[in-house]
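Structural features, examined
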Amino acid sequence: MPRSKRFRRARLLVIVLVVLLVAGAVGGGWFAVHTVQASFPQLDGNVKVAGMTAPVDVKRDAKGVPQLYADTAEDLFRAQGYVQAQDRFWEMDVRRHVTAGRLSEMFGDGQVETDSFLRTMGWRRVAQQEFDTQLSADTKKYLQAYSDGVNAWLKEHPGGSSASLEYALLGTVNGDYEPEPWNPVDSVAWLKAMAWNLSGNMQEEIDRSLLAQDFSAEKIEQLYPPYPYDRNGTIVKTGKVGADGTYRPAEGQTTAGQPAGQSRAVTASLLGDVAGKMAAMPQLLGRQGQGIGSNSWVVDGKHTTTGKPLLANDPHLGPANPSIWYQMGLHCRTTGPNCGFDTAGFTFAGMPGVVIGHNKDVAWGFTNLGADVTDLYLEKVTGPDTYLVDGQERKFETRKETIKVAGGEDRTIVVRTTDRGPLISDKSTEQQNVGKYAPADSAPDRAGGYGVALQWTALVPGRTMDAVFKLNQAATWDQFRAAAADFAVPAQNLLYADTKGNIGYQAPGMIPQRTKGDGRYPAPGWDSSYGWKGSNGAYDFVPFKSLPYVLNPSEGYIVTANQAVVDPSYKPVLTTDWEYGTRAKEITDQITDRLKNGGKISPEDMKAIQLDNTSVMAKTLVPLLLKVRIDDPYVREAQDLLKDWNYNQDADSAAAAYYNGVWRQLLTLAFGQKFPAGLRAEGDCLLVRQKSSDTLPQDDLNKNPVVTVCGTRDPGQAQPDGGDRWTEVVRRLITQPDSSWWEYKDSDRQTQKGLGNLLAEALKNARQDLTSRLGKDVSTWSWGRLHTLELKEQTLGSDDSSIASGLVHRLLNRGPYRLSGGSAAVNAAGWNAAAGYQVDWIPSMRMVVDLSDFNASRWINVGGASGHAYHDNYDDQTVDWQRGNLLPWPYSPDQVDQATKHRLVLTNG
């Protein structure tokens, strides 16, 4: 190791040891205490903030949640910027480097490839276009005021340990780094990160294409079955789009059906490379496209104990420390033309306004709509500057991007863009040479290799930031819909309730209309008949007036949990890759059960539904497992755990542990053993019989007929992951006990057939697996011992080249916590069955809003308000969150005052 690197690591070790002393309360000393606490925010007294026209009160409760009171909107957002910077500036700084593709400036050459991918997509460029050409004058004023507040704080804390512990750690390896002033576009660009993690079916496009190496179109369709409309229903009863393009809600449910799909054998190595780049992206919101769901539902006042609507929401995102969400209240002392905000809820550090929450008139929640807003195109690249369309060469639009590298030389890349979007398969300026299999449908010669271009609605400038501020001020259903009309990306299910008793739903977003193809597989870029309607960025998205909505449905409630919005009779198509509705059906069933015989839903009922741990699939699978004859008493002892199980996946349940172990083994035997390496997790190695090919002479095949092939995918995105889709796959296939999917290799590598034999093998393997993990005595087993959550600091990285050594992460991470729930449960503590039992996505927050008395509303964050390790509010909500508790959510001035523990006044400086 070079001397300079050894020296940096030695300095890092010194700081880590000092901090450990403080963390362990072992005679810290002045320097140790100062290192940790220097960045803690001032909570009381007065602070001068340039630009304030009148004092702003910052009132924090015991959990550190700030409630801001101002006389003007600009002062309010200036204060929001200052306060968020106090608590979370390191997180904000890293986030803006992510969205701008500038991580290498902070962390060095280990981030160059990630920066290249981000620069290729151009998130920051699109955000700049939005700010310059799309956003309203008021929105720009609010964004600028927010930036001024951030910069006022930054001027007081120009970097180093006075800004946060992480900056002190960063200084050991990048001592020249100095945060630059905040810019309004830094806030807008964060919307692109949100959209990326909620961007629909791009991963499914890639996965289906990789499966096409080994499976027929029919077999692939069995792995992506049609949505069960009859069983799990839709969010709204499907209405009709009239001749004038206006959607008209309908009470009657139309006939369900499934559109035909298409299949293409595509370039395996190329799409595998793109999938690898996607997995390498910073996981600030969770794994892209994997397990990104949410629950939200609303019940009208006729069916509640309060006489007014109740609204619940819990978005499912990747776990992180600090928390993804930031709780706060934004209040004008007097609402009027100069200041129209009186809202509270959850937002993101680095972004003004409130994303999910309520004001004095309405409440709203989000879940992911799941619309298909991304398309991949295979492009015939004919040279460094050209690609093929309809037999003619076209020139790429090109631009150079310079990536500055901390401690290294700058890197320059050339971004190549087609008519549809950037060529995301490029790693550098060199032309990529790929291709084992040519795509079908009149594919051109592949000698020069294929590229992959991305067409995505988030790369089209929109007005989502306008929508956020409009939502915050909406007082009526019509104003709420007007705000939703500006909500471009990510496309979300918007749920509504107001104090007058109305409840509603609106689907917003820029959703493309395709000229040909259904978006399920990468399209041939050399054929111009495939694409989106419109051209040159002026696409004919589905008009807002045509998008589904409902106001005050006759049922008296609305449930959105990523299920289908409408059935296939609705045109145009929103997607063919809905989530499968397991959680939605369970929520709906719990609501209807409570409403039987004139029953009412209480706020406690809303909370109880959020914590429902039921494994719906177990209700189908366990009876089959109990019918399997097991002669080995060692295995039968575990099988007996399932006899009296109530299907609840509680953390202390031994039966839940064993069932999920069996579920994982079932998926491995039936599917994982058969999948190509590009879908299996790294480290998942199988003995595979080689196939003859042009590149493998027969002599070599005879010498080595069987080779070891290991999975190549990041474990968090490996398949089969065991989520909602896989419950539907297995549910359908168990009606076909002789299906070829039930063929498997037993522990002796012998081929076995039949569902019954596979279930017996899964029971045996699960007994062995859990014994190795939990011990031989099944009475000591529990689901929580397997199903653990670690809240990890996401911004410092994890590889050895970063500053985030294991020792540093032990300073900043929290856990493990033993969790109840599961991937397809309402209490969606998700885990990837292809990788293990570790929790990798969670209900990132929970809230229940009471429209009869906002002060009776409740909320919880997975972590805490503060981003400063060892601050009292860093993780002080986590144990309550783990236990399913909700905390008081004061809203009115008198209730906020009663809860206030600290009061800071921001004045003009």
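Residues numbered from 1 in each chain as written. Predicted model: local features only at pLDDT ≥ 70, side-chain atom pairs only at ≥ 80, totals over all residues. Heavy atoms only, no water.

1. Let's talk about the pairing of strand β6 (residues 294–299)
Rules: The cut-offs for exposure are 20% and 50% of the maximum accessible area for each residue type, with area from a 1.4 Å probe on protein chains only; residues under the lower value are buried, those over the upper are exposed, and the others partly exposed. Here a helix means four or more residues in a row that DSSP labels H or I, a strand means two or more in a row labelled E, and each is numbered from the N terminus. Whether two strands pair depends on DSSP finding at least two bridges between them.
Counting buried residues in β6 gives six out of six residues, a clear majority hidden from the surface. Residues S294, S296 and V298 line one face of β6 and the alternating positions N295, W297 and V299 line the opposite face, and both faces are buried. With six bridges connecting them, β6 and strand β7 (residues 310–317) associate as antiparallel partners. Of the residues in β7, the one forming a bridge with N295 is D314. Pairing geometry for β6 and strand β26 (residues 557–560), over four bridges, is antiparallel. Along β26, the bridge assignment pairs V299 with Y557.

2. Considerations on the state of the cysteines
Convention followed: By convention in this document, the label disulfide applies to cysteine sulfur atom pairs within 2.5 Å.
Taken as a whole, this structure holds two disulfides when the rule is applied. Note on cysteine connectivity: C332 is disulfide-linked to C339, with sulfurs 1.9 Å apart. Measuring handedness by torsion sign, the sulfur bridge of C332 and C339 sits at about -75 degrees and is left-handed. You'll find C332 and C339 in the same group, each marked buried. The disulfide partner of C685 is C710, and the gap between their sulfur atoms is 1.9 Å. Its S-S torsion of about 105 degrees marks the bond between C685 and C710 as right-handed, since a negative value means left-handed.

3. A word on the sheet that holds strand β3 (residues 66–70)
Applied cut-off: Orientation is described by axes fitted as lines to C-alpha atoms, over the contacting stretch for helices, and by angles from 0 to 180 degrees between their N-to-C directions. In this analysis, two residues are considered to be in contact whenever any of their non-hydrogen atoms come within 4.5 Å of each other.
Taken in spatial order, the 11 strands line up as β1-β38-β2-β3-β8-β9-β10-β11-β18-β19-β25 in an open sheet, and their pairing is mixed. With one partner strand each, in any of the chains shown, β1 (45–48) and β25 (549–551) form the two edges of the open sheet. Ignoring which end each strand starts from, the neighbouring axes of this sheet average 20 degrees apart. Direction of pairing for strand β9 (residues 342–347) relative to strand β10 (residues 356–358): antiparallel, over a ladder of three bridges. If you follow G345 over to β10, its bridge partner there is G357. Against the sheet, helix α3 (residues 73–100) engages β1, β2 (56–60), β3, β8 (326–332), β9 and β38 (902–907), with an angle of about 160 degrees to β8.

4. A look at the layout of surface pockets
Under the convention used in this document: Cavity: a set of points on a 1 Å grid over the protein atoms alone where a 1.4 Å probe fits but cannot get out. Pocket: an open set with protein on both sides within 12 Å along at least five of seven lines, its lining residues, like those of a cavity, having an atom within 4 Å of a point. Grid points are joined across faces, edges and corners, and a volume is the space filled by probe spheres set on the points. Classes in brief: Ala, Val, Leu, Ile, Met, Phe, Trp, Tyr, Cys and Pro nonpolar; Asp, Glu, Lys and Arg charged; the others, Gly included, polar.
Counted as a void, the second largest pocket has a volume near 790 Å³. Lining the second largest pocket are 32 residues, and of these T418, D419, R420, G421 and Y539 lie nearest its centre. If you list the elements that add at least two residues to the lining of the second largest pocket, you get α5 (112–121), α6 (123–133), β15 (397–403), β17 (450–456), β22 (531–532) and β23 (534–535). When the residues that make up the lining of the second largest pocket are grouped by side-chain class, the tally is 12 nonpolar, 14 polar and six charged.

5. Topic: the pairing of strand β34 (residues 839–843)
Most of β34 sits out of view: four of its five residues are buried. Here β7 runs beside β34; their pairing, made up of two bridges, is antiparallel. When the bridges of β34 are listed, L317 appears paired with I842. Pairing analysis gives two bridges linking strand β33 (residues 830–831) to β34, with the strands arranged antiparallel. Note that in β34 the partner of W831 across the bridge is V839.

6. So, unusual backbone geometry
Apart from glycine, the bulk of residues carry a negative phi angle, and the bulk of peptide bonds sit in the trans form. For the bond running from K571 to P572, omega is 10 degrees, close enough to zero to count as cis. Tracing the backbone shows P572 in the loop between β26 and α16 (582–595). In this chain, Q719 is followed by P720 through a cis amide linkage whose omega measures 0 degrees. Within the secondary structure layout, P720 lies in the loop between β28 (706–710) and α22 (724–733). Even without being a glycine, Y647 presents a positive backbone phi close to 70 degrees. Relative to the helices and strands, Y647 resides in the loop between α19 (633–639) and α20 (654–670). At Y870, a residue that is not glycine, the phi angle is positive and equals roughly 75 degrees. Among the structural elements, Y870 can be located in the loop between β36 (858–861) and α26 (878–883).

That's the geometry; what it means functionally is another story.
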